[in-house]
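# Structure assessment
If you want the building blocks of each chain, they are given just below.
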Amino acid sequence: MQQVSERFLPALAGPHRVQVMVEARRGTQVLYSGVPVVDGSVTVDGAAACRRSLTLTVPPRLSTGLYTDRPALPDSPAHPLAAYGAELHVSYGIVYTDDSVEWIRAGVFRVDSTSGSLLGDGTVQVTGRSREAWLIDARVVAPRTVSGPSTTSVMAALIHEVLPSVEVVVSARRDARVPTTTFEEDRAGALTSLAEAIGAVWYADAWGRIVIADAPSTTGTPAWTVHAGEGGVLVSASSSSSRDGVYNAVVVRGESPSGDFPPMQATVYDEDPTSPTRWGDPLAGRYGMVPRFESYPTVSTLEQARAVGRGLLAQSVGAATTLEASSVPNPALEAGDLIHVITDPTDPAGSVRAHVVDAYTLGLTAGAEFPIRTRDVRQVA
């Protein structure tokens, strides 16, 4: 979760107002400050190729500056809402009872599309995606061979070829050498493969930085405790379980096309005796046998393969139980945050559930709902 003041989380359960600020930029140049917002939302989804996406409704005319008396529909690359490289920097403000404002970053979004009436008689619809979009689009025009002592350094080099000035933040605890490996066209796919080989994920955060971080887990202190009842922020909660996307074993294979290391394979099973997805005979009370297979040209040791398998297995078995909740909006949340959800305030110890945030949608107008989707991610021994 983003760093916030001590008064922020308690204020969410009490009276407060919200403000939204949108600024259009191209690089470091400010094209338009204070884009008016009629409606809109920011969706944060840890499983999406672009972690953050924006939908925005603006009035038919911008109110100040060069574009006074012109329809807001962009008809030239110079327009601040044109899909020619402009980005929208969105901030969400909590207005306290003393009228002070605490601003939270909601994201940096490349303008992907804009549509509206040329006559200026209707609202304009704008969509955008976070900065992963630049890297997804920048496919490698010829096969690319990489190697080096550090996976995160190789990833940073691939990122800076497209976004030379972007800040790359590395918080992943693991790193490993990259044997000689050739990637084809998919730059974003190469980044994902490199990240998974060290048990990490990569994404653009709310400031537009590219982050290389450990995959989520339920260890540690929760970023937010959500509870129902008096003084709480939980509006609704429902739980579901499904076998879709659930695996209880992961087979990780490493094989270097260049012959830098011999082929190897490691298999990790869900063998926790208390686990509802334990590997084994379903007629003996176990979940069954559902293996997942992954191959990485950059996984060069059995220890590394086992570590990757454990991380992937934790994500797979966690998908068996999901929680969908609605609460008072918390713009500081990040996908991957650990939260505690207490559904019965009279029995907090008995009803608390530890979940990792998969996705949420933040409305950009007062009174909007705040749906959160989570999953139960366990550490697999």
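Computed from a predicted model, the values in this text were never measured in an experiment. (Residues numbered from 1 in each chain as written. Predicted model: local features only at pLDDT ≥ 70, side-chain atom pairs only at ≥ 80, totals over all residues. Heavy atoms only, no water.)

### Some remarks on the overall build of the protein chain
Using the following cut-off: Helix and strand labels come from DSSP, where a helix needs a run of H or I of at least four residues and a strand needs a run of E of at least two; each type is numbered from the N terminus. Only the C-alpha atoms count toward the radius of gyration. The rule for a globule is 2.2 Å times the residue count to the power 0.38. The classification of residues rests on relative accessible area computed with a 1.4 Å probe and restricted to protein chains. Under 20% of the type maximum is buried, over 50% is exposed, and intermediate values are partly exposed.
The secondary structure content of the protein chain amounts to six helices and 21 strands. By the compact-globule yardstick of 21 Å for 381 residues, the protein chain fits well, its C-alpha radius of gyration being 23 Å. Oriented by its inertia axes, the alpha-carbon framework of the protein chain measures out at about 70 × 60 × 35 Å. Looking at the 381 residues of the protein chain, the share that counts as buried comes to 47%.

### What about the layout of surface pockets?
Put simply, the rule is: Cavities and pockets were defined on a 1 Å grid built from protein atoms only: a cavity is a group of points that admits a 1.4 Å probe but offers it no way out, a pocket is an open group of points flanked by protein on both sides within 12 Å along at least five of seven lines, and a lining residue is one with an atom within 4 Å of any such point. Grid points are joined across faces, edges and corners, and a volume is the space filled by probe spheres set on the points. All amino acids are sorted into three groups, where Ala, Val, Leu, Ile, Met, Phe, Trp, Tyr, Cys and Pro are nonpolar, Asp, Glu, Lys and Arg are charged, and the leftover types, Gly among them, are polar.
Estimated volume of the second largest pocket: approximately 640 Å³. Gly-46, Ala-47, Glu-196, Val-201 and Gln-315 are the residues nearest the centre of the second largest pocket, which is lined by 29 residues in total. Elements with a minimum of two residues in the lining of the second largest pocket: α2 (132-137), α4 (187-196), β11 (200-204), α5 (302-318) and β20 (352-363). The element that contributes the greatest number of residues to the lining of the second largest pocket is α5, accounting for five residues. Its residues placed into classes, the lining of the second largest pocket shows 17 nonpolar, six polar and six charged.

### As for the sheet that holds β11
Formally: DSSP calls a pair of strands paired once it identifies at least 2 bridges connecting them. Here, axes are lines fitted to C-alpha atoms. For helices the fit covers the stretch in contact, and angles between N-to-C directions go from 0 to 180 degrees.
Across the sheet, three strands lie side by side as β9-β12-β11; this open sheet has mixed pairing. Each end of this open sheet is capped by a strand with a single partner; those strands are β9 (168-170) and β11. Averaged over all pairs of adjacent strands, the angle between strand axes in this sheet comes to 20°, irrespective of strand direction. In this structure, β9 lies alongside strand β12 (residues 210-214), joined through three bridges in parallel fashion. By the bridge assignment for β12, Val-169 is matched with Val-211.

### A closer look at the sheet that holds strand β17 (residues 291-296)
In space, the three strands of this open sheet follow the order β16-β15-β17, with mixed pairing throughout. The open sheet has two edge strands with one neighbour each: β16 (264-269) and β17. Between one strand axis and the next, the sheet turns through 15° on average, direction left out of account. In the sheet, strand β15 (residues 249-254) pairs with β16 via six bridges, with the strands oriented antiparallel. Paired with Arg-253 across the two strands is Gln-265, which belongs to β16.

### Thoughts on the packing of helix α3 (residues 151-160) against α4
What counts here: For classification, angles of less than 35 degrees are called roughly parallel, those exceeding 145 degrees roughly antiparallel, those between 65 and 115 degrees roughly perpendicular, and all remaining angles oblique. By the definition used in this description, the sense in which the near helix is turned from the far one sets the handedness, with an anticlockwise turn below a right angle giving left-handed and a clockwise turn giving right-handed. It only takes one pair of heavy atoms within 4.5 Å for two residues to be counted as in contact.
At a minimum axis separation of 10 Å, α3 and α4 run at an interaxial angle of 165°. Here α3 lies roughly antiparallel to α4, going by the angle between them. Relative to α4, α3 is oriented so that their crossing is left-handed. Residues Thr-151, Val-154, Met-155, Leu-158 and Ile-159 of α3 form the contact with α4, whose own contacting residues are Arg-187, Leu-191, Leu-194 and Ala-195. Across the contact of α3 with α4, the residue classes tally to seven nonpolar, one polar and one charged.

### Regarding the pattern of salt bridges
Test applied: Whenever a carboxyl oxygen of Asp or Glu lies within 4 Å of a side-chain nitrogen of Lys or Arg, that contact is scored as a salt bridge.
Taken as a whole and judged by the stated rule, the model has 17 salt bridges. The shortest N-O distance in the salt bridge between Asp-112 and Arg-110 comes to 2.8 Å. Relative accessible area serves as the criterion here: at 27%, Asp-112 is assigned to the partly exposed category. On the accessibility criterion, Arg-110 (9% relative accessible area) is buried. Among the salt bridges present, the one from Arg-292 reaches Glu-294, with a minimum N-O distance of 2.9 Å.

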